[in-house]
Structures are given as structure tokens and as C-alpha cells.
Amino acid sequence: MKNMVTKITVLLCALLCFTANAKKFENLALTPQMGWNSWNNFDCDVNEDMIKEMADAMVATGMRDAGYQYINIDDCWHGERDENGFIQESKEHFPSGMKALADYVHSKGLKLGIYSDAGTKTCAGRAGSRGYEYQDALTYARWGIDYLKYDWCATENVNPIGAYTLMRDALYSAGRPILFSICEWGDNKPWEWAKDIGHSWRTTGDIYPCWSCEKKQGSWSSWGVLPILDMQNKLRKYAGPGHWNDMDMMEVGNGMSYHEDRAHFSIWAMLASPLIAGNDLRNMSKQTREILTNKDIIALNQDKLGIQAMKFIDDGDIEIWVKALDGGEWAFMFLNRSDNKTTYNYDWQFNIYKDDLFGHYVDFNKNKFNWRNLWEKGTGTTAKKLKIDLPAHGVQVLRLTPVK
Ligand code: GLA
């Protein structure tokens, strides 16, 4: 008996000591994570064949080579908990099991993500992780999962910092590096407390594939591209390598116009948001594929400084956003919010760019740059005034390289 008590004490201590040291897995998102997620296009209609096809398509379309890594299953993959409380996948939709699916996705050089919720139920009413955090984290690790999106439905009276820390610790204890994507829609200002808990946090409610609409969903709203952009105001100081403001999964290829999609993708890239595609990768148009695999735009997002772009000039319908890049380079995004195309004149030498938050500064009177248009392939120099065509609901993005 005494022996037994000693063993239990040692075990408990080991568990507590380990938990006390628990932290988030470092180095999983030194640049914003890139991947695909099922929700925006498929809602609850997920199954193993579709997920495998999506992994195949990510390779065949060149997306993997462009940097996308994660294939993420959102809500509704769940079956029931077993008699010991372990969560199981839906046997109907994932008959081969989640482990086999993870093996398949890994065999393609990709990673598998899954979804759960800090409350008793997920947003679509499946089993949430509340009270089962350690068991669920262990299950995901055993399955070979690489990414967890953790939602915030059915969490009445739950403390968000506690709930997300608990799951972070559970993941850490399970021992498999799993990227932890916090999804509580910005309700509790996660940017103020989640840096050491998750690798990214949603800053807003759900996205909707429109340019500037608010789509009422009963007690809540989903949002178009511009409202989500405007909600990022004052958040850039919280983002950086390993901890990102997440503007939600993208809607590129889900019904907006070509220029809206191009702008949407550029905005997400410039603001260092995770780039998680939300369309059907198996059936995308050439234009959609070209947008999602524009390596020049992706390179802005993946720049190793990890500085979120700043709104530099607000000229009504036209905004200029600037992102400082590694090696003294810069990205300038000219955004036309309006319904009309226009030609915009810009004198580089008129304004000094100054970013006090991250200590970047440029005076185009003193420093000369060559620029390259990352969508339309033109080139030029900051020694000359810029005259640039901006499509309605569209952008042009220039990358500036110092002239030595
Ligand atoms: C919430 C999330 C969405 C999606 C759904 C799934 O609304 O914000 O991104 O995960 O739940 O039910």
C-alpha cells in the first residue's frame, strides 16, 4: 500500500511539475502559417476522401511548392466519445480513421489540422473539449495531428485566458508539436494576452465572401474584406514571429470578382495574417490558382521580419499600406476601396515614411529604390513620380529594392 502511495505521489508530482513547465511550442509559426481549411466552402460536409483529394490538389496546383503546408479539417469531423471519454472521428465520414488520414497527408509532404472548441459543444454542436482537454490533446498527438484551431462556442462563464492556456498546456504535455490557432473572434482581446499561448488569434468574427458587406447571421454578423481590414486598426503592434493577428480563412475563389480576390489576398499578405485558403482546391479557375500561388505576394507575407503593414496614407477611397521587409526592402500596397477604377498619382519624395513602433524609416529624397509591380509585372524607380492604374475594388502592390 505504502509503495502504491509513493508511486502515485511520484506520478502526480511528475504530472504537476511537467504542467508547471508547460508552454507553447516555439518555432512553429515564425512566419504566418499557410494552408487550407474546409469551413468556408464545405461547412459541415467533410469526409476523408475529400480531405485526401484536397491534399492531392494542394500538390498538383503548385500550392505546396508555393509554401502552403496545412490541410485543416474544421468543424463536424467528430463522432461520439468512447466509454472512457476519448473523442473518436465520425466512423461514417472518416471510416479509415484520423491516423490513416494523417499518414496520407504526411506522405504528400503536408500537415494535418483539426478543430475543436473550448466549450462543451463546437459551433456546429459537436462534442467540445471542455473537461476533456488533456484527453483530446493526447488523442490528436496519437493521430499525428499538426494544427489545432480552437473555437469559442458554448463557453458560458469560461475564462478565455484560462481555457486557452489549459489547452496549450495539454498540447504541450501530449508532446507532439501542434500549432495552436486561437479562434475566439477577438471578443476578449486575445492580442493582449495570447502571445505566449497560441501561434495566432482570430481578430474578428467570421469572414463572408464580399467586398464591404456585413452579413447578419441572427445574433452575430460575418464580414467582408474591407470591414475585416478596418477592424485591424491598432492591432499591428501585437503581431510578430510566432504570434499573428488572424484575419480568418480566405475567401479567394469563393465568389468575389478577380480584382476583389487579388486585393483580399494582398491585404492578408501585407497584414501578416495566416494565409489559409478556403476554396475548393480541386476545381479552381486559373485566375484563382494564380492569385493563391503568387510567390511575390506570398514572399511579403512570409518575410522574416514579420512586421504587419501600416496604413501610411488615408486618401479617402485610396489607401497606401506599407510593410517594411528584410534587407531594407519595402512593400507598398495601393488600395482602391471604391466602385470606380482610377489613375493615382503619387510623389514618393513628398512623404517621409516613419514607423515608430518597429523603428523603420525611409526618406525617398535621400534613398532611391527600384520598384517592381507584383501583380502586373511593370518596373520603375522612386526617383520619378508614380502614376498607377487602380482597378475598382482593387490593388497594386509594389516591391521596392534599394539602389546601391
Ligand atoms: C465558428 C468559427 C468558424 C468555423 C465555425 C465552425 O463560427 O469562427 O471559423 O470554425 O465556427 O462551426
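In this text, all values refer to a predicted model and were calculated from it rather than measured experimentally.

Summed over all chains, the structure comprises three disulfides. Here Cys123 engages in a disulfide with Cys153; their sulfurs sit 2.1 Å apart. Judged by the torsion about the S-S bond (100 degrees), the Cys123/Cys153 disulfide is right-handed. Taken together, the residues span a long stretch of sequence, with Cys123 in the loop between β5 (111-117) and α6 (133-143) and Cys153 in the loop between β6 (147-151) and α7 (160-174) at a distance of 30 residues. The connectivity of the disulfides in the protein is 1-2, 3-4, 5-6, where the numbers refer to bonded cysteines in sequence order. In this structure Cys183 is a free cysteine whose sulfur lies 6.9 Å from that of Cys123, the closest cysteine sulfur available.

Here we take up the side chain of Asp117. Within the fold, Asp117 resides in strand β5. Salt bridges are absent for the buried Asp117, whose nearest opposite-charge side chain, Arg130, sits at 9.0 Å. A polar contact is formed between the side chain of Asp117 and the backbone nitrogen of Cys153, at a distance of 2.8 Å. Setting aside chain neighbours within four positions, we find Asp117 in contact with Thr122, Cys123, Gly128, Ser129, Arg130, Tyr150, Asp151, Trp152, Cys153 and Thr155.

Attention shifts here to unusual backbone geometry. For Asn157, which is not glycine, the phi dihedral falls at a positive 65 degrees. Turning to its location among the elements, Asn157 is positioned in the loop between β6 and α7. The exposure class of Asn157 is exposed, given its relative accessible area of 80%. Unlike most non-glycine residues, Ala272 shows phi in positive territory, near 55 degrees. Exposure remark for Ala272: the relative accessible area of 0% places this residue in the buried category.

Turning next to the packing of aromatic side chains. Each aromatic ring pair is described using two quantities: the centre-to-centre distance and the angle formed by the ring planes. Counted under the stated rule, the structure contains 23 aromatic pairs. Ring centres 6.4 Å apart and planes at 75 degrees place the aromatic pair Trp77 and Tyr140 in the edge-to-face group. Separated by 63 residues along the polypeptide, Trp77 in the loop between β2 (70-72) and β3 (78-81) and Tyr140 in helix α6 bring together distant segments of the chain. Look at Trp77 and you get buried, because its relative accessible area is 0%. Under the relative-accessibility criterion, Tyr140 is labelled buried at 1%. Measuring from ring centre to ring centre gives 5.7 Å for Tyr150 and Phe180, while their planes differ by 45 degrees; the resulting arrangement is tilted. Note that Tyr150 is positioned in strand β6 and Phe180 in strand β7 (residues 179-182), a separation of 30 residues in sequence. Under the relative-accessibility criterion, Tyr150 is labelled buried at 0%. Accessibility expressed as a relative area gives 2% for Phe180, which makes it buried. The ring of Tyr104 has Lys52 lying over it, and the distance from NZ or CZ to the ring centre is 5.1 Å.

Turning our attention to the site of the ligand. Near the ligand there are 13 residues, and of these Asp74, Asp75, Lys149, Asp151 and Asp206 occur at the shortest range. Residue Lys149 places a side-chain N or O atom 2.8 Å away from an oxygen atom belonging to the ligand. A distance of 2.5 Å separates an oxygen atom of the ligand from a polar atom in the side chain of Asp206. Per-class residue counts for the shell around the ligand are seven nonpolar, no polar and six charged.

The subject of this paragraph is the pattern of salt bridges. Tallied over the entire structure, the rule returns 26 salt bridges. Of the charged contacts, one joins Lys99 and Asp103 as a salt bridge, the two residues approaching to 3.0 Å between their closest N and O atoms. Here Lys99 and its partner Asp103 are both found in helix α5 (residues 98-107), four residues apart, which amounts to about one turn of the helix. Exposure remark for Lys99: the relative accessible area of 39% places this residue in the partly exposed category. Between Glu329 and Arg399 there is a salt bridge; the shortest N-O distance is 3.1 Å. Of this pair, Glu329 sits in the loop between β14 (318-324) and β15 (330-336) while Arg399 is found in strand β22 (residues 394-402), placing the two residues 70 residues apart along the sequence. Like Glu329, the residue Arg399 is buried in the burial classification.

Moving on, we come to the domain arrangement of the protein. Where the parts come together, the accessible area they lose is often given as the size of the interface. As assigned here, the protein comprises domain 1 (2-301) and domain 2 (310-402). Each of domain 1 and domain 2 has a C-alpha centre, and the two are 32 Å apart. Contacts between the two partners involve 23 residues from domain 1 and, on the opposite side, 28 residues from domain 2. Interface of domain 1 and domain 2: buried area, both sides summed, is about 2200 Å²; carbon and sulfur atoms make up 65% of it. For Asp296, the salt bridge identified is with Arg372, shortest N-O distance 3.2 Å.

Turning to the environment of Val397, a few remarks are in order. Structurally, the position occupied by Val397 is in strand β22. Looking at Val397, the relative accessible area reads 0%, which means it is buried. Considered as a pair, Val397 and Arg337 are 60 residues apart in the sequence and their alpha carbons are 14 Å apart. When sequence neighbours within four positions are dropped, the list of residues in contact with Val397 reads Ser266, Met270, Ile297, Leu300, Phe332, Met333, Arg372, Asn373, Leu374 and Trp375.

Take the pairing of strand β17 (residues 352-355) next. The alternating pattern of β17 places Tyr353 and Asp355 on a buried face, while none of Ile352 and Lys354, on the opposite face, is buried. Pairing of β17 with strand β18 (residues 360-363), which is carried by four bridges, proceeds in the antiparallel orientation. Bridge pairing in β18 places Ile352 opposite Asp363.

About the cut-offs
- As a convention, each chain's residues are numbered from 1 in the sequence order in which they are written.
- Owing to the predicted nature of the model, reporting of local features is limited to residues with pLDDT of at least 70; listing and counting of side-chain atom pairs is limited to 80 or more, with chain, interface and lining totals taken over all residues.
- Each side-chain value is worked out from all heavy atoms of the structure, with water and hydrogens disregarded.
- The rule for a disulfide is simple: a pair of cysteine sulfur atoms within 2.5 Å.
- Numbering goes from the N terminus for both helices and strands, where a helix is a DSSP run of H or I of at least four residues and a strand is a run of E of at least two.
- Relative accessible area decides the class of each residue, using a 1.4 Å probe on protein chains only: under 20% of the type maximum gives buried, over 50% gives exposed, and in between gives partly exposed.
- Neither His nor the chain ends is counted toward charge; the positive residues are Lys and Arg and the negative residues Asp and Glu.
- Every case where a carboxyl oxygen of Asp or Glu lies within 4 Å of a side-chain nitrogen of Lys or Arg is listed as a salt bridge.
- As used in this structure description, the phrase polar contact means that two N or O atoms lie within 3.5 Å; if the pair is within protein, one of them must be able to donate a hydrogen and the other to accept it, and residues adjacent in sequence are counted only when both atoms belong to side chains.
- Working rule for contacts: check all heavy atoms of both residues, and any pair within 4.5 Å makes them a contact.
- In this scheme Phe, Tyr and Trp rings, the latter by its six-membered ring, pair at centre separations within 6.5 Å, and the angle between planes marks the pair as stacked below 30 degrees, edge-to-face above 60, and tilted otherwise.
- The criterion is that NZ of a Lys, or CZ of an Arg, lies within 6 Å of the ring centre and within 35 degrees of the ring normal, and then a charge sits over that ring.
- Neighbouring residues are identified by heavy atoms, a residue being near a molecule or strand if any of them is within 4 Å of it.
- Each residue is assigned to one of three groups, with Ala, Val, Leu, Ile, Met, Phe, Trp, Tyr, Cys and Pro labelled nonpolar, Asp, Glu, Lys and Arg labelled charged, and all others, Gly among them, labelled polar.
- Domain start and stop positions are those given by an automatic or database domain assignment.
- Here the quantity called buried area is the accessible surface, traced with a 1.4 Å probe, that two parts lose on coming together, added over both.
- Two strands are said to pair when DSSP picks up at least two bridges between them.

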